[in-house]
Every structure is written in C-alpha cells, then in structure tokens.
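The chain contents come next:
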Amino acid sequence: MKVIRLKTKEYKILIGKNALNNLALEIRKNCPKCNKIAVIFDKKVPRKFLIKIKKILKKYKIFIILINSSEKIKSIRQTNLLLEKLFNLEFNRSDTIIGVGGGITGDLTGFVASIFKRGINFVNIPTTLLAQVDSCIGGKTGVNTNYGKNLIGSFYHPKVVISDNSFLNSLPHREIICGYAEILKHAIIKDKKFFNWLKSNTHKILMKDEYSIIQAIKRSSKIKLYFTEKDFKEKKIRMILNFGHTFAHAIEAKNRYSKKINHGEAVLVGMM
C-alpha cells in the first residue's frame, strides 16, 4: 500500500507502512539548512526503530535523548532539562527536533520546539494509535501542572508528521483500544458514514489489520483536520474535539495519572 499524504495549510501528514523511510527526504525539503538533529525517543518504543532512524539520518549530526514517558514528565522541570541539553549542544533555529513516541512525547517535544529560541524545526513521529489519530494533529503542545493537564503550552505546527503503522505492531491490545476511543469520538462528532464503517470494521482495527487501521487513521485524521484548520487557536468550532475530555481529565487527575485507567479509557467513559 502506498503512503497516504494529507496536506494541511502548514504541514504534511504521511500515513502508512514504512512511511518512516521518507524521514530524511522530508527534512531536506522542509528544513534545508538543518545540520543537527535531536531525537527525543521514548524508551517504550522498540529499539529497532531508533537504529533505523539513525541509519536514515546518517548524513546529519544526530543526538539521541532517551526519555521514559509518563504524564509526570510532561512538566516544566523536564522542559528545562531538554532546553539545557539543546543549549549545551549549541542547537540553532535551523536545526531540528524529532519526537518519537506517543502523545506525551509529542506534546513535550513540540512544546520545547516552540519555545527554544522562539521556534525550532519540529518533526513528529507518533508511535501509538492514539497519537497518530489525535495528538499529532492540530498543533497543540503542552505540559501539565498541579492545577491540571496541558495548562502550560502553545500552538505550534510540526514541519511534518510521519504516522508509520509499523510502530503499532508492538502495542498491547489495551493501547489499541485507547487509540480507538479517539477514532470513535471523531466519527460521533462528524461522520455518520465513518461511524457505520467502524461498526463493521472495529474487530479488524483492534486486531491490527493493516488496511483497516490505515483507513481508520486516514479518515480520523481528516476529521480532526476539518476542525483544526477552521479554528487553530480553539476559540469556537474546534472545542467540539474535546467531547468526552472534560470528564476524562477529571478521572485521570483523580487517579493521579496512574495505570488504573489510561487516557482512551477515560475518554470512553467521558463520552458515555
């Protein structure tokens, strides 16, 4: 299956098996003056992908920063640690930061990119179904505080998003359900035909059928883009994307962001 390319006003989204192979080409096209690349890589992602990324980017000066993602590292403290590393490595605005991981990694990396020297090139490589259908789209970045989730952040577009479904093969079933929650949310708020398609294809998606999961990512991404392109700063219509999230964030906070309930499960409860 060919890689699907969705174009937005500011960036591209690549969806499909082995979409990661386009990484070097996309950096050359979108970050032509780039010399150094910092790869912020979630330790939960299989190490074979890190080896592949290093091989793809062998013509650049690569710096690997490993993180152990959790809601607790989405913090000002972790932001400062990453900023210090970039300053020590003498990065400049023409260089690039790549976030490789789930939504937490993308949110944190995007926020760091948005404030480092008032904006450095950012490439988002989401590795969970949840991140590929939701958090990687729309330019929201942010970190948490004691007062709630994502209350410090910015709106900042990546240069490109690469959603390679090869990453999903290693995800546990619970994580696939977590991503499916956001897919279902998008269908409910916008597309009855997509909702009916999901009723017939849910099992295939949850079993990671390649064709079905790529189609779900594509159609879900298009729905989110419909709202984010019309209302980037979330002042009007984009707020409908928060369906289920008011209760979800409260449930997560009450459980101290523990593994008792993950974000997708909380969103499912919130929608109900």
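Residues numbered from 1 in each chain as written. Predicted model: local features only at pLDDT ≥ 70, side-chain atom pairs only at ≥ 80, totals over all residues. Heavy atoms only, no water.

**Some details on the pattern of salt bridges**
Condition: Salt bridges are counted wherever a side-chain nitrogen of Lys or Arg sits within 4 Å of a carboxyl oxygen of Asp or Glu. Only DSSP runs of H or I with at least four residues qualify as helices, and only runs of E with at least two residues qualify as strands; both kinds are numbered from the N terminus onward. Buried residues are those whose accessible area, probed at 1.4 Å on protein chains only, stays under 20% of the maximum for their type, while exposed residues exceed 50% and partly exposed ones sit between those limits.
Overall, the coordinates contain 11 salt bridges when judged by the stated rule. In this structure, the salt-bridge partner of Arg5 is Glu26, at a minimum N-O distance of 3.2 Å. Pair noted here: Arg5 is in strand β1 (residues 4-7) and Glu26 is in helix α1 (residues 23-30), with a separation of 21 residues, a long-range link. Given a relative accessible area of 0%, Glu26 falls into the buried group. Across the salt bridge formed by Lys12 and Glu26, the nearest N and O atoms sit 3.0 Å from each other. Of this pair, Lys12 sits in strand β2 (residues 12-15) while Glu26 sits in helix α1, placing them 14 residues apart in sequence. A cluster of three or more residues bridged by salt bridges with shared partners is formed by Asp134, Glu182, Lys185 and Lys224.

**Observations regarding the environment of Gly110**
Note the following rule: Pairs of residues are marked as contacts when any of their non-hydrogen atoms sit within 4.5 Å.
Considering the arrangement of structural elements, one finds Gly110 in helix α4 (residues 103-115). Sequence separation between Gly110 and Arg28 is 82 residues; the distance between their C-alpha atoms is 20 Å. In this view, Gly110 contacts Phe122, Thr141 and Tyr156; residues no more than four positions away in its chain are not counted.

Any functional reading would require information that these geometric values do not contain.
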